[in-house]
Amino acid sequence: MTIIIFIIVLWYSGLFFQTFFLHRYAAHQTFKMSKFGEKLCFILTWITQGSNYLSAYGYGVMHRMHHAFADTEKDPHSPKYDDNLFKMMWRTKKIYADINAQKAIIEDKFTKNVPQWEGFDKFASSWGSRIGWGIAYTAFFYFFATAWWQWLLLPVAYMMAPIHGVIINWFAHIYGYTNFKVSDTSKNLFRFDWLMMGEGYHNNHHKHGGRANFGGVRWHEIDVTYYIMILLDKMKLIKLNPVTVVKREH
């Protein structure tokens, strides 16, 4: 039971900082926060994502490119241009690495105001950090695993962020339903997104990319992350941008 709880905590804590900090703040700037809060989020992202830490700069720039070039050859991740999800994610990894290392030529509109902490990113993305977290996960399993099958979950701990990515970037462009007509294949993967904390409302998000609430179009589309953001806003820890009410088109 300890291992299951551990995986659940890793899943939702890492996912929260992915959707809250990397996605809704770094990429779309749907809210504002202090420089101290920004630095704290960098550190908490490293703690919660561990061996699969993602840079706010690399993620933010790449995600903006995904919106601009969705389902075209310039899209960093589209099921239309790869035979399987492994090829897509490997291509995504290479593009992300080039952006994060500033080896790629990127238009200014994709980098404008994206938060960056180069020194911390270099440390958190280093092999030393990733291997260190991997050793810590393995040690935890060594001490707390009580059945052989629990060891099958160790690779999930190692690769949590890529797993989160492939659920949305692959499956949410193939399966699900739509509320809006868009120029790409984005779909809402779940009617109630209990698994991905609102990220699964992908069609809604592609239609209204700057909207902090990814759900709320149909009664059952509850975006858990957005409600946490409302609480943080009321606590004066962040300042949400106004959220418009939208209606589905079909």
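- Looking at an unreviewed UniProt entry, the protein carries the name Stearoyl-CoA desaturase (Delta-9 desaturase), with the source organism given as Kaistella chaponensis.
- UniProt's Subcellular location (unreviewed entry) comment on the protein is quoted here verbatim: "Membrane".

Quick notes on the overall build of the protein
Now for step 1: Counting its regular elements, the protein contains 11 helices and 2 strands.
Now for step 2: Counting helices and strands in the order they occur from the N terminus, the protein gives α-β-α-α-α-α-α-α-α-α-α-α-β.
Now for step 3: Principal-axis analysis of the C-alpha atoms gives the protein an extent of 50 × 45 × 40 Å.
Now for step 4: Put simply, 67% of the contacts in the protein that link residues at least 6 apart link residues at least 24 apart.
Now for step 5: For the protein, the accessible area works out to roughly 12900 Å², and carbon and sulfur atoms hold 66% of it.
Now for step 6: Of the side chains in the protein, 27 bear a positive and 18 a negative charge, and the two mean positions are spaced by 4 Å.

Observations concerning the packing of aromatic side chains
Now for step 1: Scanning all chains against the criterion turns up 23 aromatic pairs.
Now for step 2: Summarising the aromatic geometry, the rings of Phe-16 and Phe-17 are spaced 5.1 Å apart at their centres and angled 85° between planes, so their arrangement reads as edge-to-face.
Now for step 3: Arg-24 extends its terminal NZ or CZ atom over the ring of Phe-214, reaching a point 3.8 Å from the ring centre.
Now for step 4: Above the ring of Tyr-177, the side-chain terminus of Arg-191 is found at 4.6 Å from the ring centroid.

Topic: the side chain of Arg-64
Now for step 1: You can see Arg-64 is positioned in helix H3 (residues 56–68).
Now for step 2: Of the side chains bearing the opposite charge, Asp-108 lies closest to the buried Arg-64, which forms no salt bridge; the N-O distance is 10 Å.
Now for step 3: Among the polar contacts made by the side chain of Arg-64, one reaches the main-chain carbonyl oxygen of Ala-27 at a distance of 2.8 Å.
Now for step 4: Those residues within four positions of Arg-64 in sequence are excluded, and the remaining contacts are Ala-26, Ala-27, Gln-29, Lys-109, Phe-110, Thr-111, Lys-112 and Val-114.

Description of the layout of surface pockets
Now for step 1: For the largest pocket, the calculated volume is near 1300 Å³.
Now for step 2: Forming the walls of the largest pocket are 44 residues, and the residues nearest its centre are Tyr-53, Leu-54, Lys-93, Tyr-96 and Arg-130.
Now for step 3: Looking at the lining of the largest pocket, the elements with two or more residues in it are helix H1 (2–27), H3, helix H4 (85–100), helix H6 (118–124), helix H7 (127–144) and helix H9 (160–169).
Now for step 4: Considering every element that reaches the lining of the largest pocket, the biggest residue donor is H4, with 9 residues.
Now for step 5: Of the residues belonging to the lining of the largest pocket, the class tally is 21 nonpolar, 17 polar and 6 charged.
Now for step 6: Considering only enclosed or pocket space, the second largest pocket measures out at about 220 Å³ in volume.
Now for step 7: Looking at the second largest pocket, it is lined by 13 residues, and the ones nearest its centre are Phe-20, Gly-37, Leu-40, Cys-41 and Leu-237.
Now for step 8: With 5 residues, helix H2 (residues 35–49) is the largest single contributor of residues to the lining of the second largest pocket.
Now for step 9: Looking at the lining of the second largest pocket residue by residue, the classes come out as 11 nonpolar, 2 polar and no charged.

Calculation criteria
Each chain carries its own residue numbering, running from 1 in the direction its sequence is written. Reporting in this predicted model follows two pLDDT cut-offs: at least 70 for local features of residues, and 80 or more for side-chain atom pairs to be given and counted; totals over whole chains, interfaces and linings ignore these cut-offs and use all residues. By convention in this description, side-chain values take in all heavy atoms of the structure and omit both hydrogens and water. UniProt positions are given in the numbering used here, feature names are shortened, and annotations may be inferred rather than shown by experiment. By the criteria applied, helices consist of DSSP H or I runs no shorter than four residues and strands consist of E runs no shorter than two, each listed in order from the N terminus. Whether two residues are in contact is decided by their heavy atoms: any pair within 4.5 Å suffices. Every accessible area reported is derived by Shrake-Rupley at a probe size of 1.4 Å, with residue values counting cover from the shown protein chains alone. Charge assignment: positive for Lys and Arg, negative for Asp and Glu; neither His nor the chain ends contribute. The atoms used to mark charge sites are NZ of Lys, CZ of Arg, CG of Asp and CD of Glu. A pair of Phe, Tyr and Trp rings is counted when the ring centres sit within 6.5 Å of each other, with Trp represented by its six-membered ring. The angle between the planes then sorts it: under 30 degrees is stacked, over 60 is edge-to-face, the rest tilted. Geometrically, a charge over a ring is one whose NZ (Lys) or CZ (Arg) sits within 6 Å of the ring centre while staying within 35 degrees of the ring normal. Each residue's exposure class comes from its accessible area (1.4 Å probe, protein chains only) as a fraction of the maximum for that residue type: buried when under 20%, exposed when over 50%, partly exposed otherwise. The salt bridge criterion pairs a side-chain nitrogen of Lys or Arg with a carboxyl oxygen of Asp or Glu, the two atoms within 4 Å. As used in this structure description, the phrase polar contact means that two N or O atoms lie within 3.5 Å; if the pair is within protein, one of them must be able to donate a hydrogen and the other to accept it, and residues adjacent in sequence are counted only when both atoms belong to side chains. Points on a 1 Å grid over protein atoms alone make up a cavity when a 1.4 Å probe fits among them but cannot get out, and a pocket when they form an open set with protein on both sides within 12 Å along at least five of seven lines; lining residues each have an atom within 4 Å of a point. Grid points are joined across faces, edges and corners, and a volume is the space filled by probe spheres set on the points. Any residue that is not Ala, Val, Leu, Ile, Met, Phe, Trp, Tyr, Cys, Pro, Asp, Glu, Lys or Arg is counted as polar, Gly included; the first ten are nonpolar and the last four charged.

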